[in-house]
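Survey of secondary and tertiary structure
Given next are the chains, with one letter for each unit.
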Amino acid sequence: GFEEEMNMIIKLLPKKRQTSLFSATQTRKVADLARLSLNTPVFVEVKTKDNVSTVAGLTQGYVVCPAESRFLLLFTFLKRNKDKKVM
């Protein structure tokens, strides 16, 4: 899973480096990963006063596809939506 893949990647990185780790959710595993793999980590958080995680009007979705089709699917999606804000 995510934790094993991140640990494998971190093992391949040089010891002397600058690293930024971004996570949409701050779970215990993400905090542990940062603590164990980063030197003097700085935690930056953005919070709002309300408890709504999705802005009204935002459309979320996903597509399940074979691994070999991912790049073509992403390219086609971005090309068709180039006039929209897409993340």
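Residues numbered from 1 in each chain as written. Predicted model: local features only at pLDDT ≥ 70, side-chain atom pairs only at ≥ 80, totals over all residues. Heavy atoms only, no water.

1. Some details on the pattern of salt bridges
- For the coordinates displayed, the defined rule picks out two salt bridges.
- The partner of D32 in a salt bridge is R28, with the nearest N and O atoms 3.7 Å apart. A residue pair is termed a helical-turn pair when its members lie 3 or 4 positions apart in one helix, as D32 and R28 do in helix α2 (residues 28–37) at four residues.
- Here D32 falls in the partly exposed class, since its relative accessible area comes to 21%.
- In this structure R28 comes out as exposed when scored by relative accessible area, which is 63%. (Salt bridge = Lys/Arg side-chain N within 4 Å of Asp/Glu carboxyl O. Helix = DSSP H or I, 4+ residues; strand = E, 2+ residues; numbered from the N terminus. Buried < 20%, exposed > 50% of the residue type's maximum accessible area, 1.4 Å probe, protein only.)

2. Details of the environment of A34
- With respect to the helices, strands and loops of the structure, A34 is situated in helix α2.
- Measuring from C-alpha to C-alpha, the distance between A34 and L21 comes to 7.4 Å, with 13 residues separating the pair along the chain.
- Sequence-distant contacts of A34, that is, excluding residues within four places in its chain, are made with L21 and P41. (Contact = heavy atoms within 4.5 Å.)

3. So, the confidence of the model for the chain
- Model confidence for the chain is summarised by a mean pLDDT of 81, while 93% of its residues fall at 70 or above.
- Mean pLDDT values for the elements of the chain range from 81 in α2 up to 91 in helix α3 (residues 70–80). (pLDDT = per-residue confidence, 0-100.)

4. Here we look at the packing of aromatic side chains
- Counted under the stated rule, the structure contains one aromatic pair.
- Ring centres of F71 and F75 lie 6.5 Å apart, and the angle between their planes is 20°; this geometry places the pair in the stacked category. With a gap of four residues between them, F71 and F75 both fall in helix α3, about one helical turn apart.
- The exposure class assigned to F71 is exposed, which follows from its relative accessible area of 65%. (Phe/Tyr/Trp six-rings, centres within 6.5 Å; stacked < 30°, edge-to-face > 60°.)

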